[in-house]
Amino acid sequence: MRSASTLTVATLGLALTLLAFLQNQSIVRDIVWPGLDIQYRELAGAQTILDQGYGPDAAYAGERTWYNPMAIWLIAGLSRVSGESPARLIARSGPYINLIAPASLFVLVTVLFDQFAALAAVAAFIFAVGTGFPFIYSATYSPWFAPENFAQAWLYLSIACASVAFDRERSSFPAIA
């Protein structure tokens, strides 16, 4: 019985995520240049890494970078590996990169509660968004590449790992507390 419900939850979760992915991918598939101010910040940083290496600030001559480098390293690395321009990657990669957030939320809620609650949480995360707000103010699965969308995945995974580490019954690590 357990394996049948697990298969059902996995199928429903994948179907919901695929539906959202296809919609988000259709939004950005023909875009060739970033359209949001956040994306230009990331583009400048990624291009600076590709041209000069990490360190120089993309906006202020003679200054050192100060902004979190996760997104710019990601785009610079993808650009280097794929040969695609950073501008096009930033414009079109959001639906792919942002998938890490709902997947991580599913893991977190499964660890804290169960797979059914995780399915409901992911469905709400994907479809019940605060559309009156810009995407950077709503934790959701968005078509736009921005650290605000995919970086939350690391929070979800960190909480899930901490939960397992602090739970003596589930942890394979020595008890922390």
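Scroll up to find the structure this text is about.
Residues numbered from 1 in each chain as written. Predicted model: local features only at pLDDT ≥ 70, side-chain atom pairs only at ≥ 80, totals over all residues. Heavy atoms only, no water.

Peer 1: Quick question: what am I supposed to make of the overall build of the chain here?
Peer 2: When helices and strands are counted, the chain shows nine helices and zero strands. Secondary structure of the chain in N-to-C order comes out as α-α-α-α-α-α-α-α-α. Taking all 177 residues of the chain together, the buried fraction comes to 37%. Contacts in the chain between residues at least 24 apart in sequence constitute 65% of all its contacts with a sequence separation of at least 6. Of the roughly 10,200 Å² that the chain leaves accessible, carbon and sulfur atoms contribute 66%. (Helix = DSSP H or I, 4+ residues; strand = E, 2+ residues; numbered from the N terminus. Buried < 20%, exposed > 50% of the residue type's maximum accessible area, 1.4 Å probe, protein only. Contact = heavy atoms within 4.5 Å. Areas by Shrake-Rupley, 256 points an atom, 1.4 Å probe, with all protein chains shown as cover.)

Peer 1: How do you make sense of the packing of aromatic side chains when you look at a structure like this?
Peer 2: In this description, a pair of aromatic rings is defined by centroid distance and the angle of the planes. Using the criterion set out here, one finds five aromatic pairs in the structure. Ring geometry for Tyr54 versus Trp73: centroids 5.4 Å apart, planes at 40°, classification tilted. Here the residue Tyr54 occupies a position in the loop between α2 (37-52) and α3 (70-82), and Trp73 occupies one in helix α3, the gap between them amounting to 19 residues. Judged by its relative accessible area of 44%, Trp73 falls in the partly exposed class. Between the aromatic rings of Phe145 and Phe150, the centroid separation amounts to 5.3 Å while the plane-to-plane angle is 35°, which identifies the pairing as tilted. (Phe/Tyr/Trp six-rings, centres within 6.5 Å; stacked < 30°, edge-to-face > 60°.)

Peer 1: Teacher, can you tell me more about α2 here?
Peer 2: Residues lying three or four places apart along an α-helix face the same way, a consequence of the helix completing one turn every 3.6 residues. In this model α2 runs 22 Å from its N-terminal to its C-terminal C-alpha over 16 residues, within 8% of the 22 Å that 1.5 Å per residue would give. Among all positions of α2, only Ile38, Gln39, Glu42, Leu43, Gly45, Ala46, Thr48, Ile49 and Leu50 are buried. (Expected span 1.5 Å × (residues − 1).)

Peer 1: Can you help me understand the pattern of salt bridges in this one?
Peer 2: Close approach of charged atoms lets side chains of opposite charge pair. Inspection of the entire model under this criterion finds three salt bridges. Its salt-bridge partner being Glu42, residue Arg41 comes within 2.7 Å of it at the nearest N-O pair. For Arg88, the salt bridge goes to Glu84, with nearest N and O atoms at 3.5 Å. (Salt bridge = Lys/Arg side-chain N within 4 Å of Asp/Glu carboxyl O.)

Peer 1: What is the right way to look at the packing of α2 against α3 in this model?
Peer 2: For any two helices packed against each other, one specifies the inter-axial angle together with the distance between the axes. For the pair α2 and α3, interaxial distance at closest approach is 8 Å and the crossing angle is 55°. Judged by the inter-axis angle, α2 sits oblique to α3. Of the two possible hands of crossing, α2 and α3 adopt the one that is right-handed. Here Glu42, Gly45, Ala46, Ile49 and Leu50 of α2 come into contact with α3, specifically with Ala71, Ile72, Trp73, Ile75, Ala76, Ser79 and Arg80. Across the contact of α2 with α3, the residue classes break down as eight nonpolar, two polar and two charged. (Axes fitted to C-alpha atoms, helices over the stretch in contact; angles between N-to-C directions. Parallel < 35°, antiparallel > 145°, perpendicular 65-115°, else oblique. Left-handed = near helix turned anticlockwise from the far one by under 90°. Nonpolar A, V, L, I, M, F, W, Y, C, P; charged D, E, K, R; others polar.)

Peer 1: Would you mind going over the layout of surface pockets with me for this structure?
Peer 2: In this approach the atoms are scanned with a rolling probe the size of a water molecule, which exposes any empty space left behind. Of the voids in this model, the largest pocket is the one considered here, and its volume is about 230 Å³. Along the walls of the largest pocket sit 18 residues, with Arg41, Asp57, Ala58, Thr65 and Tyr67 positioned nearest its centre. Among the elements that make up the lining of the largest pocket, the one with the highest residue count is α2 (six residues). In terms of lining residues, the second largest pocket is bounded by Val9, Ala10, Gly13, Leu14, Thr17, Leu99, Pro102, Ala103, Phe106 and Val122. If you list the elements that add at least two residues to the lining of the second largest pocket, you get α1 (2-28) and α6 (100-112). At five residues, α1 tops the list of elements feeding residues into the lining of the second largest pocket. (1 Å grid on protein atoms, 1.4 Å probe; cavity = no way out; pocket = protein on both sides within 12 Å on 5 of 7 lines; lining within 4 Å. Points joined across faces, edges and corners; volume = space filled by probe spheres on them.)

Peer 1: I keep staring at the nonpolar core and nothing clicks. Help me out?
Peer 2: One recurring pattern in soluble globular proteins is that nonpolar side chains are buried together. Core analysis: the largest hydrophobic core is formed by 15 residues, its most contacted members being Leu105, Phe125, Ile126, Tyr141 and Tyr156. Those elements giving two or more residues to this core turn out to be α1, α6, α7 (115-127) and α9 (152-166). The greatest single-element share of this core, amounting to five residues, is contributed by α6. Not counting residues within four places of it along the chain, the set of residues in contact with Tyr141 comprises Ala20, Phe21, Asn24, Pro95, Asn98, Leu99, Pro102, Phe125 and Ile126. (Core = buried A, V, L, I, M, F, W, Y, C linked by side-chain atoms within 4.5 Å.)

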